[in-house]
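Here are the chains, one letter per residue:
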Amino acid sequence: QVQLVDSGGGSPQAGGSLRLSCAASTDINTFTYMGWFRQAPGKEREGIAGIYVRDVDTYYADSVPGRFTIYQDNAKNTVYLQMNSLKVEDTAMYYCAERERQYGGPWYGPLDQRGYHRWGQGTQVTVSS
């Protein structure tokens, strides 16, 4: 079974930076999309960033352009989320996800969790003021 391990969370101050990592147990080129999502207590899970693995096309939520960057390292089978200029409202549990090429389920877009079927365990980001 394919596994994703997400890591890199922490407790930065507002204005600081973190880099989250999502390491896959297999070649990430067997995926079509990978994405980063977050969920704060009492809130719905929201898509933050997505990447089309083959072409490295990227997609971002309206709240993060200019602050967050998703990118991949094929040699390490890892996708990263670089987060800069962090805000208190970025506090959440962050999850990575993947969609395998062979998966036949419907697609709702790179920032919609319904199109993904495998998830990391989550990594907590808590931003202090």
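Rules used throughout
- Residues numbered from 1 in each chain as written.
- Predicted model: local features only at pLDDT ≥ 70, side-chain atom pairs only at ≥ 80, totals over all residues.
- Heavy atoms only, no water.
- Core = buried A, V, L, I, M, F, W, Y, C linked by side-chain atoms within 4.5 Å.
- Buried < 20%, exposed > 50% of the residue type's maximum accessible area, 1.4 Å probe, protein only.
- Helix = DSSP H or I, 4+ residues; strand = E, 2+ residues; numbered from the N terminus.
- Contact = heavy atoms within 4.5 Å.
- Phe/Tyr/Trp six-rings, centres within 6.5 Å; stacked < 30°, edge-to-face > 60°.
- Salt bridge = Lys/Arg side-chain N within 4 Å of Asp/Glu carboxyl O.
- Disulfide = S-S within 2.5 Å.

J.: Which residues make up the nonpolar core, and what values do they have?
T.: With 27 residues, the main nonpolar core has F31, M34, W36, F68, L81, M83 and Y94 as its most contacted residues. Within the residue set of this core, elements represented by two or more residues are β2 (18–24), β3 (31–39), β4 (46–52), β6 (68–73), β7 (78–83) and β8 (92–100). With 4 residues, β2 is the single largest residue contributor to this core. Apart from residues lying up to four places away in sequence, L81 is in contact with L18, R19, L20, W36, A49, F68, T69, I70 and Y94. Grouped together as the second largest cluster of nonpolar side chains are 5 residues, Y33, F37, Y52 and A97 included.

J.: Kindly report on the packing of aromatic side chains, identifying the contributing residues and their values.
T.: Tallied over the entire structure, the rule returns 8 aromatic pairs. Between F37 and Y116 the ring centres are 5.3 Å apart and the planes differ by 80°, which places this aromatic pair in the edge-to-face class. Residue F37 is located in strand β3, and its partner Y116 is located in the loop between β8 and β9 (118–119); the two are separated by 79 residues in the primary sequence. Put simply, the rings of Y33, F37, Y52, Y59, W107, Y116 and W119 pair up and form one aromatic cluster.

J.: Which residues make up the pattern of salt bridges, and what values go with them?
T.: Applying the stated criterion to the full structure yields 7 salt bridges. Here R67 ties to D90 by a salt bridge, and the two come within 2.7 Å at their closest N and O atoms. Remark: D90 occurs in the loop between β7 and β8 and R67 occurs in the loop between β5 (57–60) and β6; sequence separation between them is 23 residues. Pair check on accessibility: R67 and D90 agree, each one buried. Here R118 makes a salt bridge to E100, at a shortest N to O gap of 3.2 Å. Pair noted here: R118 is in strand β9 and E100 is in strand β8, with a separation of 18 residues, a long-range link. Relative accessible area serves as the criterion here: at 13%, E100 is assigned to the buried category. When salt bridges with common partners are traced through the structure, they connect R38, E46, R67 and D90 into a single cluster.

J.: An account of the state of the cysteines is needed here, citing residue identities and associated values.
T.: Summed over the entire model, instances satisfying the criterion amount to 1 disulfide. Bridging C22 to C96, the disulfide has an S-S length of 2.1 Å. Because the torsion about its S-S bond is 65°, the bridge between C22 and C96 counts as right-handed. Of this pair, C22 sits in strand β2 while C96 is found in strand β8, placing the two residues 74 residues apart along the sequence.

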